[in-house]
Amino acid sequence: MRVKLCLIGVLLMSSTMPAFAARPSPEARLAKTLEGRVAGKPVNCIPQRQIQSTEIFERTAIVYKMGRIWYVNRPVNGANFLDRNDVMVTDTRSPDLCNVDIVRLLDPGTRFQSGTIGLGNFVPYTKPKS
């Protein structure tokens, strides 16, 4: 009986393995997200008040969505800590989020710090006018 259960478990696991292998890389997901948008000149800061949402791409980048302009930030330090489930906490001294700011990452379940990142420049992406 145990052998049958083990074999069933192995078969179930092997049938789901290709699904894990087929998952696109964070770079590929980022490229898909930015599809149809054109990169502009990088800026040092963006106004925090205008940030409508953010999306983390594991070990790669953060996308700050601000209406029709989306800013991509590739951290200069600590990108390996980026996890899409983490909560970002930024302590700034101005109304802007800048490339000199440090972002703490918190695990949403435990609220323990899972890493820190040093932000890079913000590259704006917009859809070209038709």
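In the block above lies the structure referred to throughout.
Keep in mind it's a predicted model, so treat the numbers as computed, not measured.

S.K.: Please clarify how the nonpolar core should be interpreted in this entry.
M.R.: By size, the foremost hydrophobic cluster in this structure holds 13 residues, and its most contacted members are I46, Y64, I117, L119 and F122. Elements supplying a minimum of two residues to this core: β4 (61-66) and β8 (102-106). Sorting elements by how many residues they give to this core places β4 first, with three residues. Setting aside its immediate chain neighbours within four residues, I117 contacts I62, P75, N77, G78, A79, L82, D101, I102, V103 and L105. Listed in part, the eight residues of the second largest apolar core include A61, V63, V72 and Y125.

S.K.: Before we go on, may I ask you to explain the pattern of salt bridges in this structure?
M.R.: Pairing between side chains of opposite charge can happen when the charged atoms of each approach one another. Scanning the model with the defined rule gives six salt bridges in all. In this structure, E58 engages R29 in a salt bridge whose closest nitrogen and oxygen atoms are separated by 2.2 Å. One end of the pair, E58, is in the loop between β3 (53-57) and β4; the other, R29, is in helix α2 (residues 26-33), with 29 residues separating them in the sequence. The burial state of E58 is the same as that of R29; both residues are buried. Taking the relative accessible area as the measure of exposure, E58 reaches 10% and is therefore buried. If you follow the salt bridges from partner to partner, you end up with R23, R29, E58 and R84 in one network.

S.K.: How should I be thinking about the sheet that holds strand β1 (residues 38-39) in this particular structure?
M.R.: For sheets, the rule is that strands pair by backbone hydrogen bonds, running either parallel or antiparallel. Read from one edge of the open sheet, five strands run β1-β10-β5-β4-β3, paired in antiparallel fashion. Whereas interior strands pair on both sides, the edge strands pair on one side only; in this sheet they are β1 and β3. Looking at chain direction, strand β5 (residues 69-73) and strand β10 (residues 122-126) are connected through four bridges and run antiparallel. Across the sheet, Y71 pairs through a bridge with P124, a residue of β10.

S.K.: In this structure, what is going on with the sheet that holds β8? I would like to understand it.
M.R.: Read from one edge to the other, the open sheet built from three strands follows the order β6-β8-β9, with strand pairing classed as antiparallel. This sheet does not close on itself; its edge strands, each paired only once, are β6 (87-90) and β9 (113-118). The average undirected angle you get between the axes of adjacent strands in this sheet is 25°.

S.K.: Help me out: how do you make sense of the packing of aromatic side chains in this one?
M.R.: For any pair of aromatic rings, geometry is given as the distance between the ring centres together with the angle between the planes. In this structure the tally under the stated criterion is one aromatic pair. The ring of W70 is capped by K65, whose NZ or CZ atom sits 4.4 Å from the centre of that ring.

S.K.: Teacher, can you tell me more about the environment of R68 here?
M.R.: With respect to the secondary-structure elements, R68 resides in the loop between β4 and β5. Spatially, the C-alpha atom of R68 lies 8.5 Å from that of Y125, the residues being 57 residues apart in sequence. Residues in contact with R68, not counting those within four places in the same chain, are R37, Y125, T126, K127 and K129.

S.K.: Would you explain the environment of M66 in this entry?
M.R.: Examined against the element boundaries, M66 turns out to sit in strand β4. On the accessibility criterion, M66 (11% relative accessible area) is buried. In this structure the C-alpha to C-alpha distance between M66 and Q52, which are 14 residues apart in sequence, comes to 5.4 Å. M66 has contacts with I46, P47, Q50, I51, Q52 and Y71, leaving out every residue within four places of it along the chain.

Definitions and limits used
- The residue numbers shown here count from 1 along each chain, following its written sequence.
- Whole-chain, interface and lining totals are the exception, using all residues; otherwise, since this is a predicted model, local features are given only for residues with pLDDT of at least 70 and side-chain atom pairs are given and counted only at 80 or more.
- No hydrogens and no water enter the side-chain calculation; it runs on all heavy atoms of the structure.
- We call a set of buried residues a nonpolar core when its members are Ala, Val, Leu, Ile, Met, Phe, Trp, Tyr or Cys and they connect through side-chain atoms within 4.5 Å of each other.
- Any residue under 20% of the maximum accessible area for its type is buried, any over 50% is exposed, and the rest in between are partly exposed; the area is computed with a 1.4 Å probe on protein chains only.
- Secondary structure follows DSSP: runs of H or I at least 4 residues long count as helices, runs of E at least 2 residues long count as strands, and numbering of each begins at the N terminus.
- Note on contacts: a residue pair qualifies if any of its non-hydrogen atoms lie within 4.5 Å across the two residues.
- Salt bridge criterion: a side-chain nitrogen from Lys or Arg within 4 Å of a carboxyl oxygen from Asp or Glu.
- DSSP-based pairing: two strands are paired if at least 2 bridges between them are found.
- To define axes, lines are fitted to C-alpha atoms, for helices over the stretch in contact only, and angles between the resulting N-to-C directions are given on a 0 to 180 degree scale.
- Working definition: a ring pair exists when centres of Phe, Tyr or Trp rings (six-membered ring for Trp) sit within 6.5 Å. Plane angles under 30 degrees give stacked, over 60 give edge-to-face, the rest tilted.
- Definition used: whenever NZ (Lys) or CZ (Arg) falls within 6 Å of the ring centre and also within 35 degrees of the ring normal, the charge is taken to sit over that ring.

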